[in-house]
Amino acid sequence: MTHEHYAEFIKEAFIQPIRSVLIVDDDFPTYREILETVDASGAIAPAYRNKAWRKRQARVANLIDTFRRFSPPLLVDIHDGENVSAQEEVATVTHLHQCDLLVLDYELDRSKPSDGTRAIEILRALMSNKHFNLVVIYTNEDLDIVYDTVRWGLISPSSDQLSKVEITEAENLIVEGEDSFEGFDRQLRETVGSAQYFHSRKNKNFMGTMIQSKQPYTLYKIQTDKVDWSTEQRKLVLRFLLREVELKNRVTNNSRNRIDDLEWSAEGLKWIKSDSAFVALAKKTDNTDNLLSDLQKALVDWNPRPSRLFLTKLRAEIDEYGVAVQGRVLRNYHALAYWYYRLLVDTEDDERRWRIRESVSRHSSQLLEGIQPRVEDFAKRLVQAEIASGQPVAICKDHFRVSLEKEIDKKRAILEHNAFVCSTDPAGWHLTTGHVFTLAEDYWMCLSPACDMVPSQIRARHVRAYGDRLPFIGIQLYKIKDTQIPEDIHSNRYVFLSIGDKITVFCFDDPKGKAAAPRWQLLFAENRGKLSNDFLFEVTCIQKDIRRLVAKSQQAEVVSQVRYEYALNLTQKLGVSLTRIGLDFSGGEEVEV
């Protein structure tokens with residue numbers, strides 16, 4: 001349950017930044033219609049006589065007025081789709097980054113009552129772009145039916161595919177049940193529908209819910225109790241019936257634009273979201289529509305996590321104050337001129353790419369520095385309100401569904417934290433300090449200084465000696481078994497890497513000996529260390545043959561990247577190891593008593 005104090009911060013992050021609204025409703029008047037409706041004789045133009053708003057002008061006026069009463073008043077535009085094909089209308093609405101809220105009538109085709117196909121097409125287009133959109137779908141239809149129809153129109157096909165053997169086995173089991181109990185087939189299929197399908201897509205452990213005879217599978221479990229099926233057979237038939245439900249609804253199923261991150265409300269208020277859109281569903285009323293209130297209630301029911309509020313607030317502050325901060329950044333004319341001059345005078349493309357990346361990073365850093373204090377103030381007020389509302393462990397469990405009092409959750413939280421502060425996804429177009437790459441079955445890290453790794457800055461003597469190969473220092477990383485958190489975690493020996501979906505702990509040297517020296521080797525990156533689009537490159541290393549040393553080339557893949565400050569720390573640690581002296585101390589081992 002979302003507390004009242006938290007609801008206010010949701011409103012501040014999502015609702016208050018709204019400045020413009022686009023209403024898409026084929027029964028609403030547009031500006032063009034208002035100007036063309038009445039001819040010289042005072043008669044209504046034929047093209048606009050059938051619009052329903054003329055019979056319910058008060059409701060339309062009240063809806064628009066709710067947006068105008070907002071502080072500051074919102075800009076409201078209307079699109080009715082007249083004389084526009086479905087494809088053109090979808091293309092028009094996908095430019096939603098020009099407004100902050102879309103109000104979408106469920107029935108946009110007057111010739112097809114109760115049909116939401118065109119509205120669903122618009123939602124698909126919105127969810128396939130990268131801009132976050134707030135949407136309210138409002139309708140006269142039954143909200144439960146509309147909710148199911150919209151979900152079927154957006155959700156991607158299930159990844160649970162049955163083999164031909166499994167399908168045949170499930171069909172045979174149902175036939176055998178019908179042979180034993182007349183009407184078994186029909187009664188069994190009636191227990192599995194949209195409710196069970198959407199529950200199974202939302203809950204990974206839905207089979208456990210079914211086995212325990214809990215909703216929404218209670219009737220299915222009761223029906224299968226009539227026959228002598230094993231647990232695995234019950235599971236197989238349920239998967240088969242869920243597949244049939246999906247196939248039955250495939251007419252509007254979103255198989256073209258995959259939306260794999262779709263979420264929806266469990267019960268009560270109805271909303272649907274993806275990474276690029278939040279959709280609230282609302283019922284049309286006679287004269288009391290307040291869609292901003294409906295949207296806010298749905299957002300509160302979603303209960304976005306504090307981290308999302310921070311980022312949403314950051315985006316809103318950039319939109320609101322970014323221009324002002326930008327003006328302060330642009331006052332440093334001499335530095336800006338010098339940065340741009342360096343971009344212009346570089347004669348090699350590789351050098352220019354490096355300079356451009358550096359310049360853009362500096363500009364964006366200055367912009368965020370000007371915005372960050374406002375977001376920090378928002379975060380401070382939120383944290384203070386949260387502290388006054390309860391215990392930290394309980395608050396975190398409510399927001400993140402993570403029980404930090406449990407050892408398994410606490411360990412995972414620490415691992416994820418360490419991986420975040422220590423490493424990031426690989427970036428860049430050439431090998432650089434901190435890149436972690438696989439070589440055969442081993443993991444290595446590049447620890448040469450970053451300035452020596454820029455392809456265009458390879459020294460002439462290296463070119464004469466090695467040609468197009470870039471020499472660099474690589475150290476082998478030792479994987480810690482079972483991903484344990486080391487007891488000497490603050491010894492500057494460990495890195496935590498997020499590789500794929502798994503966090504792995506590595507040691508800079510042999511984890512069995514604290515005084516062990518790291519294993520390093522001079523390696524050579526082909527093509528001056530330039531990476532392919534999938535972070536692949538060729539490495540040449542010196543290895544022993546039967547009688548002599550030979551150069552052997554093999555493919556390497558950059559799989560992670562240690563943050564620069566952590567990589568620099570390991571570089572210094574390697575330097576200490578390379579410059580150590582063998583002090584002639586004695587521990588008395590050679591003395592026998």
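Below is a short write-up of the structure. (Residues numbered from 1 in each chain as written. Predicted model: local features only at pLDDT ≥ 70, side-chain atom pairs only at ≥ 80, totals over all residues. Heavy atoms only, no water.)

**Structural notes on the overall build of the protein chain**
At step 1: On a plain count of helices and strands, the protein chain comes out with 20 helices and 16 strands.
At step 2: Here the analysis covers contacts within the protein chain between residues at least 6 apart in sequence; of these, 71% occur between residues at least 24 apart.
At step 3: Roughly 34,000 Å² of accessible area belongs to the protein chain as shown, and the carbon and sulfur atoms make up 51% of that amount. (Helix = DSSP H or I, 4+ residues; strand = E, 2+ residues; numbered from the N terminus. Contact = heavy atoms within 4.5 Å. Areas by Shrake-Rupley, 256 points an atom, 1.4 Å probe, with all protein chains shown as cover.)

**Quick look at the packing of helix H1 (residues 4–15) against helix H13 (residues 291–302)**
At step 1: Between H1 and H13, whose axes approach to 10 Å, the crossing angle comes to 120°. In this view, H1 runs oblique relative to H13, as classed from their interaxial angle. In this structure, H1 crosses over H13, and the sense of that crossing is right-handed. Together, Ala7, Ile10, Lys11, Phe14 and Ile15 of H1 and Leu292, Leu295, Gln296, Leu299, Val300 and Trp302 of H13 make up the contact between the two elements.
At step 2: Residues of the contact of H1 with H13, tallied by class, amount to 9 nonpolar, 1 polar and 1 charged. (Axes fitted to C-alpha atoms, helices over the stretch in contact; angles between N-to-C directions. Parallel < 35°, antiparallel > 145°, perpendicular 65-115°, else oblique. Left-handed = near helix turned anticlockwise from the far one by under 90°. Nonpolar A, V, L, I, M, F, W, Y, C, P; charged D, E, K, R; others polar.)

**Points about the sheet that holds strand S7 (residues 277–283)**
Strand pairing in a sheet relies on backbone hydrogen bonds, with the paired strands running either antiparallel or parallel.
At step 1: Pairing is mixed in the open sheet, where 7 strands are placed in the order S2-S1-S3-S4-S7-S6-S5. Each edge of the open sheet carries a strand with a single partner, namely strand S2 (75–79) and strand S5 (263–264).
At step 2: Both S5 and strand S6 (residues 271–274) contribute to a ladder of 2 bridges, which runs antiparallel. Within S6, the residue paired with Trp264 across the bridge is Ile272.
At step 3: Those strands touched by helix H5 (residues 117–127) are strand S3 (101–105), strand S4 (133–139), S6 and S7, and its axis lies near 155° from that of S3. (Pairing = 2+ DSSP bridges.)

**Let's talk about the packing of H1 against helix H14 (residues 306–329)**
At step 1: Following both chains from N to C, one finds H1 and H14 inclined at 30°, their axes separated by 9 Å at the closest point. Here H1 lies roughly parallel to H14, going by the angle between them. Crossing of H1 over H14 shows left-handed handedness. Along its contact with H1, which presents Tyr6, Phe9, Ile10, Glu12, Ala13 and Phe14, the element H14 presents Pro306, Arg308, Leu309, Thr312 and Lys313.

**Structural notes on the pairing of strand S10 (residues 442–446)**
At step 1: The buried fraction of S10 is high, at 4 of 5 residues.
At step 2: In this structure, strand S9 (residues 435–439) lies alongside S10, joined through 4 bridges in antiparallel fashion. Looking across to S10, one finds that Phe437 is bridged to Trp444.
At step 3: Hairpin remark: S9 followed by S10, antiparallel, with 2 residues in the connecting loop; positive phi at Ala440, about 60°.
At step 4: The sheet contact formed by S10 and strand S11 (residues 470–479) spans 4 bridges and is antiparallel. Looking at S11, one finds that Tyr443 is bridged to Leu477. (Buried < 20%, exposed > 50% of the residue type's maximum accessible area, 1.4 Å probe, protein only.)

Limitation: the analysis is restricted to geometry and does not speak to function.
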